Structures are given as C-alpha cells and as structure tokens.
Amino acid sequence: MWGLPVAHLLKRVPIFLPWSCWPSYSEGGSWWSLELGRMAETCKVKYTVLDSPLGKMELSGCERGLHGIRFLSGKTPNTDPTEAPATPEVLGGPEGVPEPLVQCTAWLEAYFREPAATEGLPLPALHHPVFQQDSFTRQVLWKLLKVVKFGEMVSYQQLAALAGNPKAARAVGGAMRSNPVPILIPCHRVVRSDGTIGNYSGGGQAVKEWLLAHEGIPTGQPASKNLSLTETLLNPSFESTSSKPCGRN
C-alpha cells in the first residue's frame, strides 16, 4: 500500500480527525478561524478529500450539513474544460460519512462531468456559521445560489441590488471572499460590471476562468443577465440548516 503514489492515496480519502489536527483556514482571517473553532466544539466534523480537474478538494461537514469546500493546493488547471471529461467514479460514501458529504461529493462529480446536470440534483444541507445568522453576507450568498443559474453571470453591483443594497458592490466582494462553499454557491459567476472576471479567493483567477469556460460562459463582456430586483427571498425550505448546534458525539 505504501508504495502507491501519494495522489492515489489521497483520492477520495475519508478523514476523521479532530479539528485541532488541521491547520486554520487562511481565507477569511481570524473571524473565519474563530467561528470554525466554535463550530468544532459542538459538531463532530468529518472530512473527505476529492480529486478533481482543479486539484485536491477537501469537503468538511457534520450530520447537520456541509461546513466547507476548500482547495488544498493552488494547482493551475492543466486540462481544457471544453474536452470531454473522464467519467468519475460514483462515491456512495463509506459507513460513518455524513449524508451531506455524500450529497456534496455526488454534486461535485456531476458538475465536473456535465455542469448542467447539477440543476436536477439535491443540494446538501449547509451548516457553516455564515448560514446560521442573519447578515448581508448570508443574504448575498442565498441570492446568488437561487438567482444566478448555470451558464449565467452577474455583476457585483447587480448582486448587491438583489440583496437589497445597490450601493454595496464592495461588500458583495467581501461576501464572495467569505463563501465557505465555492462552486456549490457559484461565486465564480460574479464578475465586474465591465466584464472582467475580477478576483477569486476559491483558487485564483485561473480557476475562475476554468470554471466559467467549463460552463460555456463567455468572458470579457459586460454581465447582461436581466435580473429582477423584485425577486423574492430564498424560500426557507432551501435553508436546510438549523440554528441549533449539533450535539456532541
């Protein structure tokens, strides 16, 4: 076993380690680390590492929902997103892996195979602290999830208006940096008003360009999605998380 390549060993390895054994997330600063630390005190967090065209990705979650999706390396995409991707293996999930991680794995595998196929798949419950409290960041992320669908783009200013504050484009940028579940909540579809793609804390501009190309979204032109500013708020049924903390196991 130990003679196998490291990449083979890492592919879809379920990891059950105490939170203290893992380094703190660098994105989001001290607030992110503090909130995740509090979450770990009340949730039994488990992990799965997936192989993807964008490198290794770590999924974390508990029985209540998904906590995060994180790129483990700053790998520059070296595959053409327009090429037919290899058919990924279906991961049913070994015993003990929370259902939200199994659902997220299936969703991501479908996304990397054929992004449009995810439209009919259930989303995993979300249980990161950002979704447990009423805030502008939470509203922005829910709006992005509900309104901006596969193959569409939106500008930071448009998304700010949808979230109820048209002048908060800069705050929307901050919300994108705080997104704990990139790809699932598609912050890569948020671009500048002039059509330039802007930054992407989920893995850098090369990753953002790859994701947009993977969905067939043309870049370099102004975002033109006709978004109604009277869109209703996200139906609470989408919010499959609970404000109550997980019990200790």
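## Overview of the packing of aromatic side chains
Link 1 in the chain: Taken as a whole, this structure holds four aromatic pairs when the rule is applied.
Link 2 in the chain: Considering the side-chain rings of Tyr111 and Phe112, the 5.6 Å spacing of their centres and the 80° angle between planes classify their relative orientation as edge-to-face. Pair check on accessibility: Tyr111 and Phe112 agree, each one buried.
Link 3 in the chain: Plain terms: the ring middles of Phe131 and Trp142 are 5.3 Å apart, the flat faces sit at 45° to each other, and that makes the pair tilted. Taken as a pair, Phe131 in the loop between α3 (99-113) and α4 (136-147) and Trp142 in helix α4 lie far apart in primary sequence, 11 residues in all.
Link 4 in the chain: Three or more aromatic residues joined by ring pairs make a cluster, and in this case those are Trp107, Tyr111, Phe112 and Trp210.

## Focus: the packing of α4 against helix α6 (residues 169-177)
Link 1 in the chain: Where α4 meets α6, the axes come as close as 9 Å, and the angle between the chain directions of the two elements is 80°. With respect to α6, the element α4 is oriented roughly perpendicular. Across the interface between the two elements, Phe136, Thr137, Val140, Leu141 and Leu144 of α4 pack against Ala171, Val172, Ala175 and Met176 of α6.
Link 2 in the chain: When grouped by side-chain class, the residues that make up the contact of α4 with α6 number eight nonpolar, one polar and no charged.

## Side note on the confidence of the model for the chain
Link 1 in the chain: Per-residue confidence for the chain gives a mean pLDDT of 74, with 63% of residues at or over 70.
Link 2 in the chain: Of the regions scoring below 50 in pLDDT, residues 1-33 engages in 56 contacts with residues more than four places distant in sequence or in other chains.
Link 3 in the chain: Taken together, the stretch residues 227-249 has pLDDT below 50 and engages in 48 contacts with residues farther than four places along the chain or on a different chain.

## Quick word on unusual backbone geometry
Link 1 in the chain: Even without being a glycine, Ile183 presents a positive backbone phi close to 75°.
Link 2 in the chain: As for its position among the elements, Ile183 is in the loop between α6 and β6 (190-191).
Link 3 in the chain: Residue Ile183 is classed as buried on the basis of its relative accessible area, which comes to 1%.

## Side note on helix α7 (residues 205-214)
Link 1 in the chain: Among the residues making up α7, those that are buried are Val207, Lys208, Trp210, Leu211, Leu212 and His214.
Link 2 in the chain: Looking at the buried residues of α7, the elements they touch are β4 (65-71), α3, α5 (156-162) and β6.
Link 3 in the chain: Gly216 lies just past α7 and shows a positive phi near 75°.

## Comments concerning the nonpolar core
Link 1 in the chain: The biggest cluster of nonpolar side chains holds 45 residues, and the ones touching the most others in it are Ile69, Leu108, Leu144, Leu159, Met176 and Ile183.
Link 2 in the chain: Of all the secondary-structure elements, those providing two or more residues to this core are β3 (57-62), β4, α3, α4, α5, α6 and α7.
Link 3 in the chain: Counting residues per element, this core draws most heavily on α3, at seven residues.
Link 4 in the chain: Once residues within four sequence positions are removed from consideration, Leu159 is found in contact with Val140, Lys143, Leu144, Val154, Val172, Met176 and Val190.

## Re α3
For an α-helix, the turn length of 3.6 residues means that residues three or four places apart are oriented alike.
Link 1 in the chain: The first and last C-alpha atoms of α3 sit 21 Å apart over 15 residues, in line with the 21 Å expected at 1.5 Å per residue.
Link 2 in the chain: Here α3 lies mainly inside the structure; 11 of its 15 residues are buried.
Link 3 in the chain: What α3 keeps buried is the set Pro100, Leu101, Val102, Cys104, Thr105, Trp107, Leu108, Glu109, Ala110, Tyr111 and Phe112.
Link 4 in the chain: Looking at the buried positions of α3, the neighbouring elements they touch are β2 (46-50), β3, β4 and α7.

## Focus on the pattern of salt bridges
Link 1 in the chain: Enumeration over the complete set of coordinates arrives at three salt bridges.
Link 2 in the chain: As a salt-bridge pair, Glu215 and Arg189 come within 2.9 Å of each other at their nearest N and O atoms. Of this pair, Glu215 sits in the segment after α7 while Arg189 sits in the loop between α6 and β6, and the two are 26 residues apart along the sequence.
Link 3 in the chain: Overall, Arg189 belongs to the buried group, its relative accessible area being 7%.

## Regarding the side chain of His67
Link 1 in the chain: Of note, His67 is situated in strand β4.
Link 2 in the chain: Given a relative accessible area of 2%, His67 falls into the buried group.

Procedures and definitions
- For every chain, the first residue of its written sequence is number 1, and the numbers climb from 1 along that sequence.
- Given that this is a predicted model, residues contribute local features only at a pLDDT of at least 70 and side-chain atom pairs are listed and counted only at 80 or more, while totals for whole chains, interfaces and linings are drawn from all residues.
- For the side-chain quantities, the full set of heavy atoms in the structure was used; hydrogens and water were omitted.
- For this analysis, a ring pair means two rings from Phe, Tyr or Trp (six-membered ring only for Trp) whose centres lie within 6.5 Å, classed as stacked if their planes differ by under 30 degrees, edge-to-face if by over 60, and tilted for the remaining angles.
- Here the term buried applies to any residue with accessible area under 20% of the maximum for its type, exposed to any over 50%, and partly exposed to those in between, with areas from a 1.4 Å probe on protein chains only.
- The helix and strand labels rest on DSSP assignments: H or I over at least four residues marks a helix, E over at least two residues marks a strand, and numbering proceeds from the N terminus.
- Under this scheme, a helix contributes an axis fitted over its contacting stretch, all axes are lines through C-alpha atoms, and angles between N-to-C directions fall in the 0 to 180 degree range.
- Oblique is the label for every angle not falling under 35 degrees (roughly parallel), over 145 degrees (roughly antiparallel), or within 65 to 115 degrees (roughly perpendicular).
- Contacts are assigned to residue pairs with any non-hydrogen atoms lying within 4.5 Å of each other.
- Polarity classes work like this: nonpolar for Ala, Val, Leu, Ile, Met, Phe, Trp, Tyr, Cys and Pro, charged for Asp, Glu, Lys and Arg, and polar for all others, with Gly in that last group.
- A score between 0 and 100, pLDDT records how confident the predictor is in each residue.
- Among the buried residues, those of types Ala, Val, Leu, Ile, Met, Phe, Trp, Tyr and Cys that are joined through side-chain atoms within 4.5 Å form a nonpolar core.
- The span expected for a helix works out to 1.5 Å for each residue beyond the first.
- For this analysis, a salt bridge means a side-chain nitrogen from Lys or Arg found within 4 Å of a carboxyl oxygen belonging to Asp or Glu.

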